[in-house]
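Chain residues, written in single-letter form:
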Amino acid sequence: MHHERIAIIDYGSQYTRLITRRLRELGAFGLVYNSGTSAAEIAGADLKGVILSGGPNSVLEPGAPELDMAILDLGVPILGICYGQQILARNLGGQLHRATSREYGKAEITASPETSLLFEGLPHAQQVWMSHGDHVEVAPEGFAVTAKTPGVPVAAMENAARRIYGIQFHPEVTHSAQGTPLLLNFLKSCGMALDWNAGNFIEEKVRAIRQQVGDGTVVLGLSGGVDSSVAALLLHKAIGKRLTCVFVDHGLMRKDEMTQVQAYFAPFELNVRWIDASDEFLGALQDVTDPERKRKIIGGKFIEVFEREAGAVRADFLGQGTTYPDVIESSGIGGAILVKSHHNVGGLPERMKLKLVEPLRELFKDEVRATGLALGLPEEMNQRHPFPGPGLAVRLPGAITRERVAILQNADAIFLQELRESGWYAKTSQAFAVLLPVQTVGIMGDERTYEAICALRAVTSEDFMTADWARLPHDLLEKIAQRIVNEVKGINRVVFDITSKPPATIEYE
Ligand code: XMP
């Protein structure tokens, strides 16, 4: 059983994810499918419409991604965008104009709202966003031309009887001034209820989890991050004590992390095994300075400890907080080129021979947060910055010792406290302290000191693939630096990192 949905067939456009976003903002649930998807694979009582995305190919080239024409017989409205319109036109007998160059940027269309369902109630003259090579020259039989530009004779076409629509421009991009109302018109034509929100997502997911898990049991690695926390609460709501969470403290957490996460979760009465494995991790890391080896050791140890602790639970399923961007990134849907290399527990399900239950697979990050809020996760927990799996290890260039970990934890705690109090925590995407393996001379009172440098890193970022350094006010930085040098023994100098990503990465190792 699923919420009513729009299937988005992805032809590789960089905007496919935006289409999904816009639909969800309008209260419609959209799911992305690969271009080879057949009608049978998307069919179902919950299917309300299909959108064919844009793409970089030319439909006139041999080997261009295809459309299963049986999709047109599923009885739901179809909207082809750019490549999507061209493939409809070509397959239905229209004529295409082969481009010698791409048209890219803003354009003005003249639409016919009087005779079009898609443009109903919208102005005649509209600014739109174009990004295409070929275009449709003559619409197929049975189709009316519903918009044009001086250079593009069929900027939009529709077959009202069959509810098939095509547009040359991109309504999902904000430069298309009427893009959102146009998508809304399409959704109306699909008869969508437009009731997608975090609340009904929870109800449905709870039902789906119960169906999948039956009377089985689930074990989940709880890190205290937003994704695993929301996944834990959702699973708990569905199956209660048949969920066991395992929290592994590898000794490289932020200051008092485990105590804090315990406090956040106390009201929910979750079944959690709190494991202090810091001796094991720090022991294995002794004298290791190579960043890649550190990561490997931590990843390997994590699997070992988790397997041991989770094995004791004898669960049937492994719960994971995988989100929609993770799915898109690792499957290549949506033209995303980056494959996440940070999955610390990669391979775990296969090793443990457990079936997976991933209740957040369809959600974007802000939707995960909305779900967390609706489930009662405290706002502070819900808005936490991401924290890397290997923890402070990647913020401690050089050798990892208990003493250096403690120095870094103390400096980091001061930094985060000041950011929270000044309101800057919410204005940055990630902020933390780093302890450099360099000692410099300082003077404190009458004494010369020879201690470590602490670097402060604060960035703003949409997706953490690129990032800009946060413009923290000078007086705030001064206060933080003074507090760190005064209160943390072992640090006598503080620097602020002003490199963006690229060329630097966010973390130091
Ligand atoms: P970089 O340093 O690559 O970091 O710019 C981008 C984002 O990924 C996080 N990060 C990690 N997360 N395991 C994780 O779970 C890792 O090994 C890891 N390395 C980096 C980093 O904190 C930032 O948000």
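All values reported here derive from a predicted model rather than from experimental measurement.

Caption draft 1: Geometry of the site of the ligand. Every one of the 12 residues lining the ligand counts as a neighbour, but R295, Q430, K501, I506 and E507 are closest to it. At 2.5 Å from an oxygen atom of the ligand is found a side-chain nitrogen or oxygen belonging to E507. Surface burial for the ligand is 85%, taken as the share of its 500 Å² of free accessible area covered by protein chains. Within the shell around the ligand, the residues separate by chemical class into 4 nonpolar, 5 polar and 3 charged.

Caption draft 2: Region of the structure containing the packing of helix α6 (residues 226-239) against helix α12 (residues 365-374). Here α6 crosses α12 at 45°, and the two axes come no closer than 10 Å. On the basis of their axis angle, the class for α6 and α12 is oblique. Of the two elements, α6 crosses α12, and the hand of that crossing is left-handed. Judged by residue contacts, V226, D227 and V230 of α6 engage K365, V368, R369, T371 and G372 from α12. In the contact of α6 with α12, the residues fall into 3 nonpolar, 2 polar and 3 charged.

Caption draft 3: Broad picture of the confidence of the model for the chain. Across the chain, the average pLDDT comes to 92, with 95% of residues at 70 or higher. Throughout residues 333-345 the model reports pLDDT below 50, and contacts reaching past four residues in sequence, or to other chains, amount to 24 contacts.

Caption draft 4: Layout of the sheet that holds strand β6 (residues 103-111). Taken together, the 9 strands give an open sheet; going across it, the order is β2-β1-β3-β4-β11-β10-β9-β6-β7, and neighbouring strands pair in mixed fashion. Taken across any chain shown, the strands that pair with only one partner, and hence form the sheet edges, are β2 (29-34) and β7 (125-132). Recorded for the sheet is a direction-independent mean angle of 25° between the axes of neighbouring strands. Where strand β10 (residues 156-159) meets strand β11 (residues 164-167), 4 bridges bridge the pair, whose relative direction is antiparallel. Paired with A156 across the strands is I167, a residue of β11. The strands touched by helix α4 (residues 179-190) within the sheet are β1 (5-10), β3 (47-52), β4 (78-81) and β11, with β3 carrying the most contacts at an inclination of about 140°.

Conventions used here
Residues numbered from 1 in each chain as written. Predicted model: local features only at pLDDT ≥ 70, side-chain atom pairs only at ≥ 80, totals over all residues. Heavy atoms only, no water. Near = heavy atom within 4 Å. Polar contact = N/O pair within 3.5 Å; in protein donor to acceptor, adjacent residues only side chain to side chain. Areas by Shrake-Rupley, 256 points an atom, 1.4 Å probe, with all protein chains shown as cover. Nonpolar A, V, L, I, M, F, W, Y, C, P; charged D, E, K, R; others polar. Axes fitted to C-alpha atoms, helices over the stretch in contact; angles between N-to-C directions. Helix = DSSP H or I, 4+ residues; strand = E, 2+ residues; numbered from the N terminus. Parallel < 35°, antiparallel > 145°, perpendicular 65-115°, else oblique. Left-handed = near helix turned anticlockwise from the far one by under 90°. Contact = heavy atoms within 4.5 Å. pLDDT = per-residue confidence, 0-100. Pairing = 2+ DSSP bridges.

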